Amino acid sequence: MTAEKRTHRLLLRAEVTDGTSTTVSHTLELSASYARIQLDKLPPVGARVEVVLSFPRLLEPVRAEANVAAHEAATAPGAFGGFRAALTFRAAGDRQKVEALLSRSESAASTRAAGLRGLVVDDSLIVREIFSYTFRRRTRVGPASKIDVVADAEQAAELLARGQYDFLIVDQLLPGKSGAELVAAVRAEPRHAGVPIVGMSVAGAEARDALLAAGADLYLNKPMEVLDLCTTLQTLAVPAAPVATRTRKKILIVDDSPMMLELAHDALESAGYQSLATSDLGEMGRLLESEQPDLILLDVQMPEAYGDDVANVLRGLRNVTVPVLLFSILDEKELADRAKAAQVDGYIYKGAGLTEMVRRVKALLGEET
Amino acid sequence: MNADLIARYGRRFIASARERLAAAAGLAGDRPGDAARTLALHLHSISGEAAMIGFGELSELARDVMRSARAVEAGATPPGECAAALARLTAQLDALERTLP
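Everything in this summary refers to the structure shown in the same document. For clarity, every value in this text was computed on a predicted model and none was experimentally measured.

Remarks on the side chain of Asp255 of chain A
Residues and elements named next belong to chain A.
Logical step 1: Tracing the backbone through its elements, the reader meets Asp255 in the loop between strand S12 (250-254) and helix H7 (258-270).
Logical step 2: Polar contacts involving the side chain of Asp255 include one to the main-chain amide nitrogen of Ser257, which spans 3.0 Å.
Logical step 3: Excluding its chain neighbours within four sequence positions, the residues that come into contact with Asp255 are Met260, Leu261, Thr278, Ser279, Asp299, Met302, Phe327 and Lys350.

The structure is reproduced here in C-alpha cells:
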C-alpha cells in the first residue's frame, strides 16, 4: 500500500488558522492527502483553513490548505472534539516531506528501534506506569531503548543535567514547579536544543497555552492516545531517508509591501521555487551572499530606494549576473523604459497577476512548459 | 478573480488599504504637498496589492488617485480634487468589503 493511501496514526503538531486566529493542536491521523485533527474550537464544515504541520526531528513545518469535511465529537469527557479534512499542500516539496515521514512511520512499525531514550515527568504513578508499559510492550523498541519516569520537575532536572533524551513528556500540574516551568528551563539549556517536548494535562486550554508558551512542541489533553504517542515517538529512532527532491531554484523578491511579498512568495513556492522575500535592502544583501538566488525581482518604488537604482548596484558593484527583473504596478511603458535604462533582464507588470509573474519567472529560468 | 486569493487576502487587504489611506488626512494640513507624496506611495502599494489579488478595477482606481496625488504634490491641482478621488476609492473599498466571504 502506498503512503498516499495508508492512514497513519501520528500525533504531530498542527497549527490551525481560520483567517482570524490560530490554534495549536495536533493530528490524530495523517495521510498524504487527509488528516484528522483534534481541536477545541471547530471550524464549520465546508470551511477552508490553513494547517501547518510539524514535529521536531520528524517533520519540518509544512503548510496545507484543509477543507473541513466533517466534525467529530469528543470521545471522552474533557477531551476535545475534532475534524476531518482533505489536505492540499501548497508546495510540492511539502507533500514530499509528509510522504517521507509516512514511509519512516511504516519502517518504525516493522523495525525494532534501538537506543531510543525518553523522559516522562508526571506525578501520577499510574500514568508513569502506563507510559513505561505501553512504550515497552506495545511498540517495537529494542532492549537499549529506555524510558525514565519521574514525579516532579526537580527529579527531571537532575536527570537532564546528566544525560540526553530523544523526547520529553511533561505533565503540567506537578508538585513544586509546574510542567511549563520545567519546559522553559529545558528550552533555555542549549544542550537540549531541539529535543521534542510533549506537554499534557487534564486542565484543557489553560494548560495547553502555558505549556506551548513555555516551548512545548505538542500539547495533548488527557485522556489521550498513549499508544499513538508512543508509536509517533518510536519513529524518531528511524533515520530519515533523503527526500528525493529536485534542487529548487531560488527567487529573491524585494518589495516594501508585506502583503505583496506574501502573495509572491506563496505563488512561487506553489510553483516549486524557493522564495526568499524581504522588504529590507540590508537583508537583501545578506540573502544575496548566503543564498545565491537564481533570479531577483525588484519592486520599483520603495521607501529606501528605487528598484532600478538597486539593480544598478547589483550589476555594477556586486557583480550579480543572474536575471534581475523590475516588478511594479507602474505603467508598462514607464516600466519598460526604466528596465531598459537600468539594463535589467526585463520587467513584470504586477497588474498582469500572479500567474503571469510565475510564467515569466519560468521563462527566464528556461523552465517554461 | 481568484477566489482562493480573495478568501485568503481580501479582508487583510481592505484593512491594510484603509490604514494606508489614513495618510490622506495630511492633505488638509499646512503641507499638502508632503502629505500627497506619502499618500501617492501608499496608493502605489494599494494598486499593486489589489492587482495581484485580482481586484483589477480597484487597482485601476487606486492608480488614478495616485496620479491625482502626484498632481497635488507637484502643485498642479488643489488638494480638494484628490480628496474627491479618494472618496470614490473609499466607497469602492466599502463596496468590495461587502462582497467578501
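Here the narrative resumes.
Remarks on unusual backbone geometry
Logical step 1: Positive phi, close to 70°, is recorded for Arg57 of chain A, a residue that is not glycine.
Logical step 2: The topology assignment puts Arg57 of chain A in the loop between strand S4 (48-55) and strand S5 (59-72).

Quick word on the interface of chain A and chain B
Logical step 1: If you look at the interface, chain A gives 25 residues, while chain B gives 22 residues.
Logical step 2: Here chain A meets chain B over a buried area of about 1,900 Å², counting both sides, of which 54% is carbon and sulfur.
Logical step 3: Counting across the interface, chain A meets chain B through 6 salt bridges.
Logical step 4: Put simply, the parts of the chain that give the side of chain A that touches chain B at least two residues each are S4, S5, H7, strand S15 (324-328) and helix H11 (354-364) of chain A.
Logical step 5: In terms of residue count, the dominant contributor to the side of chain A that touches chain B is H7 of chain A (5 residues).
Logical step 6: Broken down by class, the residue content of the side of chain A that touches chain B amounts to 9 nonpolar, 5 polar and 11 charged.

Digging into the sheet that holds strand S3 (residues 34-39) of chain A
To summarise the sheet geometry, strands pair through backbone hydrogen bonds and adopt either a parallel or an antiparallel arrangement.
Residues and elements named next belong to chain A.
Logical step 1: Pairing is antiparallel around the closed barrel formed by 6 strands, whose spatial order is S1-S2-S3-S6-S5-S4. Sheet twist, expressed as the mean angle between neighbouring strand axes with direction ignored, is 45°.
Logical step 2: The sheet strands contacting helix H1 (residues 92-110) are strand S2 (22-30), S5 and strand S6 (81-89), and the helix crosses S5 at an angle near 85°.

Conventions and cut-offs
- Residues numbered from 1 in each chain as written.
- Chains lettered and ligands numbered in written order.
- Predicted model: local features only at pLDDT ≥ 70, side-chain atom pairs only at ≥ 80, totals over all residues.
- Heavy atoms only, no water.
- Helix = DSSP H or I, 4+ residues; strand = E, 2+ residues; numbered from the N terminus.
- Polar contact = N/O pair within 3.5 Å; in protein donor to acceptor, adjacent residues only side chain to side chain.
- Contact = heavy atoms within 4.5 Å.
- Buried area = accessible area lost by both parts, 1.4 Å probe.
- Salt bridge = Lys/Arg side-chain N within 4 Å of Asp/Glu carboxyl O.
- Nonpolar A, V, L, I, M, F, W, Y, C, P; charged D, E, K, R; others polar.
- Pairing = 2+ DSSP bridges.
- Axes fitted to C-alpha atoms, helices over the stretch in contact; angles between N-to-C directions.

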